[in-house]
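If you want the building blocks of each chain, they are given just below.
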Amino acid sequence: MGALVASSAVRTCFGDGAQTFAALLSGRCGAGPLRYGDPAALNVAVGYHVPDDVGGDHAGRAGRLLADCLVDAVRRAGLDPARQRVPVLVGTGLRELGGVEDWALTGTPFPLSRLDFGDVVRTALPGVADVVTLANACSAGGHALALAQDMVESGDAEAVVVAAADTMTRSMLAMIGKVTPEPGTRVRPFDRDRTGVLLGEGAAAVVVVGEGGPGPAVARIVATGLSCDAHHETSPDVDGIVRSMRDAFDRAGRAPSEVDLVVAHGTGTALNDPAECRALREVLLAAGGDPLVTGVKGAVGHTSGSAALVNLDVAARCLEHGVVPPVAGLREVLPEGAGLRFARGERVATRPELVQVNAFGFGGVNAVTLVEAA
Amino acid sequence: MTPTLLATGWSVHLPGVVLAESLDRPGAWAHAAAPGPDQAATLLGRKGLLAKEPATRLALCAVHRALGLPPGRRPAGPPSPRTAVVACGNLGNVKTVADIARAVSTEGLKGVSALDAPNASSNVLAGTVALWFGFGGPNLMVCSGAAAGADGLRLADLLLRARRADRVVLVGAEPADEVASALHGTVDARGGLRAGAACLVLRRAEGADVVGGAALALLPDHAAWPRPPHVVLGPDGFDPVRHWGDCHGAQGVVSAALAAHLAVDDGHGAVGVRDGSLAVLVEAAGGGGG
């Protein structure tokens with residue numbers, strides 16, 4: 001059992017997937033001045049923005065980034081949704097709630113049909129009928145990926161487009177500003193002196209097909225494990241995260257010690273990074289594993305609902321190119337990370353065989369995906 | 001046709017609606033009170049409701065009733081990893097989000113409460129149901145507009161078939177605050193927005209070790225009924241939206257749960273739901289209940 005990623009398209013502050021990977025390998029940080037809302041009032045000074053010549057102005061920006069990725073991924077997979085039934089699952093944290101905020105602040109009309117991404121998908125991909133918008137916070141893309149694999153494995157569909165998009169809302173920025181003493185200048189995942197999370201705009205789309213599907217594939221998804229902490233509204237729980245990892249290995253029929261690269265969630269928050277480290281130690285290290293650990297949020301910010309698919313794209317490129325980018329912004333590893341082998345400072349030449357991709361979200365929703373070369 | 005799903009519990013929770021007045025042969029369930037968001041403590045107990053949005057409270061009430069729990073009680077012990085949650089709704093946090101944006105623009109962060117942090121995320125409803133009742137399985141928040149309920153039913157079926165859960169708590173909820181109602185006014189609906197919730201507790205029909213319940217056959221959009229239903233819910237039959245108002249993203253769950261009540265609790269035989277992309281035939285399972 002498994003599924004193939006026939007194509008993958010992402011948009012981050014650095015551009016498309018190839019540009020993003022090149023920037024990651026160079027250790028670059030895409031943070032810049034916050035270009036949304038009122039930075040002083042929000043107590044947030046920095047964002048990881050997609051360039052405006054790609055995203056346009058902020059109204060409907062998530063949808064435009066999404067449409068870009070959808071068209072790109074579907075074209076490269078050689079898929080024609082007008083000729084075959086192709087369900088589309090869109091993961092998102094914040095939907096187009098920025099439009100609701102604009103409406104509240106200025107009276108700019110906001111049709112409710114634009115809150116989810118159904119219309120955006122049907123316009124970008126003529127012929128598509130089934131569009132599901134999953135608002136699963138920062139692991140939305142990982143959840144959509146799990147369901148897509150279930151759909152192709154069960155024969156419900158031959159191909160499924162999994163996509164994700166998130167930009168920013170004032171309300172989420174306000175919550176970040178509210179819990180941050182000093183506005184952060186960049187995300188420092190797994191750093192002892194990390195200062196919290198900052199948002200990154202992003203979108204992604206992957207075409208998932210069954211094993212033995214026609215055409216080339218960029219990676220093979222072995223399995224995705226899911227769990228909900230059911231522990232706390234916003235604080236992650238090690239036990240819940242561990243369950244999602246074990247679920248992935250159970251579904252895959254693989255051993256945790258086989259993982260040789262982790263593309264971690266790593267948000268640079270006080271709570272996520274220690275919990276994620278403890279879970280990795282409990283599941284992978286305790287089983288005799290010694291994986292390299294990397295993460296992208298120091299470079300591209302937290303792309304929320306897109307984060308899992310951005311990680312997946314990076315994992316596929318690590319598999320293809322035999323090189324792993326360092327964790328941008330990581331200077332000194334937090335105490336809970338002792339024993340974990342982080343990619344620091346420089347790119348690491350290595351050819352991983354089994355990659356674990358982590359995504360955890362508000363509400364304790366966890367998705368862990370195992371990926372290997374196609 | 002083999003029913004794909006077995007419902008072992010259900011509830012329709014529409015505060016302010018006297019369900020019995022509209023129904024032929026209403027059972028005791030249709031006379032039960034549905035406390036509104038501000039009275040949710042009468043069902044749920046007082047602890048833990050602070051800063052919970054109305055849609056979240058309604059969802060908790062609906063799940064509480066579908067599980068048949070006594071007032072103020074909830075399951076104790078570690079989370080049950082084999083129970084998934086599929087929540088459907090679009091408007092639960094729009095008022096919070098609008099209020100936060102307004103507060104920031106007039107008084108900065110002083111006007112914002114950190115207690116609202118979970119509510120800034122659109123999946124607060126699904127996560128809160130899991131946390132409240134201890135459901136540790138996959139947790140999905142479906143926000144596909146009016147089709148969310150229909151999507152939720154299909155995803156519940158998928159989670160069960162893919163063995164990701166032994167039990168799925170499908171819940172739909174929408175509020176009807178001024179922001180939600182204003183946004184809902186921009187869509188073409190058969191009724192105004194109605195605050196409400198509903199829940200179905202679902203298992204796989206094959207091999208279920210449960211006696212009774214409601215069997216749900218999920219049909220493709222335009223498929224003919226495998227058997228003619230005695231009652232049809234939707235625009236072509238008894239239309240809950242025209243009678244009680246539109247629960248928008250929760251409507252599909254409301255209609256399906258109402259069908260389970262009618263088929264099993266009230267002995268109406270086969271009850272069909274057909275509305276937009278939702279088509280489901282509901283009957284008493286194993287010949288029980290009518």
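As the structure is a computational prediction, the values presented were derived from the model and not from experiment.

**Some points on the overall build of chain B**
Assigned secondary structure in chain B consists of 9 helices and 9 strands. For a compact globule of 290 residues, the expected C-alpha radius of gyration is about 19 Å, and chain B comes in at 18 Å, within 12% of that figure. Expressed along its principal axes, the backbone C-alpha trace of chain B runs to roughly 60 × 45 × 35 Å. Taking all 290 residues of chain B together, 61% fall into the buried category. Considering only residue pairs separated by 6 or more positions, chain B has 77% of its internal contacts joining residues 24 or more positions apart.

**Some thoughts on the overall build of chain A**
Regarding its fold elements, chain A presents 12 helices and 15 strands. With the C-alpha coordinates of chain A rotated into their principal frame, the extents come out at 55 × 50 × 40 Å. Scored against the burial criterion, the 374 residues of chain A give a buried share of 66%.

**Points about the interface of chain A and chain B**
Contact residues are listed per partner, giving 51 residues for chain A and 50 residues for chain B. With 8 residues, the single largest contributor to the side of chain A that touches chain B is helix 8 (residues 170-179) of chain A. Residue classes in the side of chain A that touches chain B are distributed as 27 nonpolar, 16 polar and 8 charged.

**Section: the confidence of the model for chain B**
Per-residue confidence for chain B gives a mean pLDDT of 94; residues scoring 70 or more make up 96%. Across the predicted assembly, pTM comes out at 0.98 and ipTM at 0.98.

**Description of the domain arrangement of chain A**
Accessible area lost upon the coming together of the parts is a frequently used measure of interface size. All names here are of chain A. The assigned domain composition of chain A is domain 1 (3-210) and domain 2 (221-372). Taken over C-alpha atoms, the centre of domain 1 sits 19 Å from the centre of domain 2. Taken together, the contact between domain 1 and domain 2 spans 58 residues of the former and 52 residues of the latter. The dominant element in the side of domain 1 that touches domain 2, judged by the number of residues it contributes, is helix 7 (residues 140-153), at 7 residues. Residues that form the side of domain 1 that touches domain 2 fall into these classes: 31 nonpolar, 19 polar and 8 charged.

**Side note on helix 5 (residues 97-106) of chain A**
Buried residues dominate helix 5 of chain A, accounting for 7 of its 10 residues. When helix 5 of chain A is considered as a whole, its buried residues turn out to be Leu 97, Gly 98, Gly 99, Val 100, Glu 101, Trp 103 and Ala 104 of chain A. The elements touched by buried residues of helix 5 of chain A are helix 8 of chain A together with helix 4 (94-107) of chain B. Where helix 5 of chain A ends, the next residue or the one after it, Gly 107 of chain A, has phi of about 80°, a positive value.

**So, the packing of helix 5 of chain A against helix 4 of chain B**
Contact pair helix 5 of chain A / helix 4 of chain B: the axes reach a minimum separation of 9 Å and the direction vectors enclose 55°. Classified by the interaxial angle, the pair formed by helix 5 of chain A and helix 4 of chain B is oblique. Helix 5 of chain A and helix 4 of chain B meet at a crossing whose hand is right-handed. Along the contact surface, helix 5 of chain A presents Leu 97, Val 100, Glu 101, Ala 104 and Leu 105 of chain A, while helix 4 of chain B presents Val 94, Val 97, Ala 98, Ala 101, Arg 102 and Ser 105 of chain B. Tallied by class, the residues present in the contact of helix 5 of chain A with helix 4 of chain B amount to 8 nonpolar, 1 polar and 2 charged.

**Some remarks on the pairing of strand 7 (residues 202-210) of chain A**
All names here are of chain A. Counting buried positions along strand 7 gives 8 out of 9 residues, so the element sits mostly inside the fold. Note that strand 1 (residues 3-11) and strand 7 share 8 bridges and pair antiparallel. Bridging from a neighbouring strand, Arg 11 pairs with Ala 203 of strand 7. Sheet topology places strand 6 (residues 159-166) next to strand 7; 8 bridges connect them, and they run antiparallel. Counted as the bridge partner of Ala 164 is Ala 204 from strand 7.

**As for helix 7 of chain A**
All names here are of chain A. The terminal C-alpha atoms of helix 7, which comprises 14 residues, lie 20 Å apart, in line with the 20 Å expected from a rise of 1.5 Å per residue. The buried fraction of helix 7 amounts to 13 of the 14 residues, a majority that puts the element mostly inside the structure. Following helix 7 by one or two positions, Gly 155 adopts a phi angle in the positive range, close to 85°.

**Quick notes on the packing of helix 7 of chain A against helix 12 (residues 307-321) of chain A**
Residue and element names in this part refer to chain A. Between helix 7 and helix 12, whose axes approach to 5 Å, the crossing angle comes to 70°. In terms of axis orientation, helix 7 runs roughly perpendicular to helix 12. Residues Gly 141, Gly 142 and Leu 145 of helix 7 pack against Ala 307, Ala 308 and Leu 309 of helix 12. Per-class residue counts for the contact of helix 7 with helix 12 are 4 nonpolar, 2 polar and no charged.

**A word on the pairing of strand 4 (residues 88-91) of chain A**
Successive side chains on a regular strand alternate, one facing one side of the sheet and the next facing the other. Residue and element names in this part refer to chain A. Here strand 4 shows a buried face lined by Val 88 and Val 90 and a second buried face lined by Leu 89 and Gly 91. Sheet topology places strand 4 next to strand 5 (residues 131-134); 4 bridges connect them, and they run parallel. Paired with Gly 91 across the two strands is Leu 134, which belongs to strand 5. Across 4 bridges, the pairing between strand 4 and strand 6 is parallel. Opposite Val 90, over in strand 6, you have Ala 163 as the bridge partner.

**Remarks on the environment of Leu 202 of chain B**
All names here are of chain B. By the secondary structure assignment, Leu 202 is in strand 5 (residues 196-204). Expressed as a C-alpha distance, the spacing of Leu 202 and Leu 6, which sit 196 residues apart in the sequence, is 5.5 Å. Not counting chain neighbours up to four residues away, the residues in contact with Leu 202 comprise Leu 5, Leu 6, Ala 7, Ala 156, Leu 160, Arg 167, Val 168 and Leu 170.

**Topic: the environment of Val 10 of chain A**
Residue and element names in this part refer to chain A. With respect to the secondary-structure elements, Val 10 resides in strand 1. Taking the C-beta count within 10 Å as the criterion, Val 10 has 32 such neighbours and is therefore assigned buried. Residues Val 10 and Val 324, spaced 314 residues apart in sequence, show a C-alpha to C-alpha distance of 18 Å. Setting aside residues no more than four positions away along its own chain, Val 10 makes contact with Asp 16, Gly 17, Thr 20, Cys 69, Gly 202, Ala 204, Leu 309, Val 310 and Asp 313.

Thresholds applied
Residues numbered from 1 in each chain as written. Chains lettered and ligands numbered in written order. Predicted model: local features only at pLDDT ≥ 70, side-chain atom pairs only at ≥ 80, totals over all residues. Helix = DSSP H or I, 4+ residues; strand = E, 2+ residues; numbered from the N terminus. Rg over C-alpha atoms; globule rule 2.2 N^0.38 Å. Buried ≥ 20, exposed ≤ 12 C-beta atoms within 10 Å, placed from the backbone. Contact = placed C-beta atoms within 7 Å. Nonpolar A, V, L, I, M, F, W, Y, C, P; charged D, E, K, R; others polar. pLDDT = per-residue confidence, 0-100. Domains from an automatic or database assignment. Axes fitted to C-alpha atoms, helices over the stretch in contact; angles between N-to-C directions. Parallel < 35°, antiparallel > 145°, perpendicular 65-115°, else oblique. Left-handed = near helix turned anticlockwise from the far one by under 90°. Pairing = 2+ DSSP bridges. Expected span 1.5 Å × (residues − 1).

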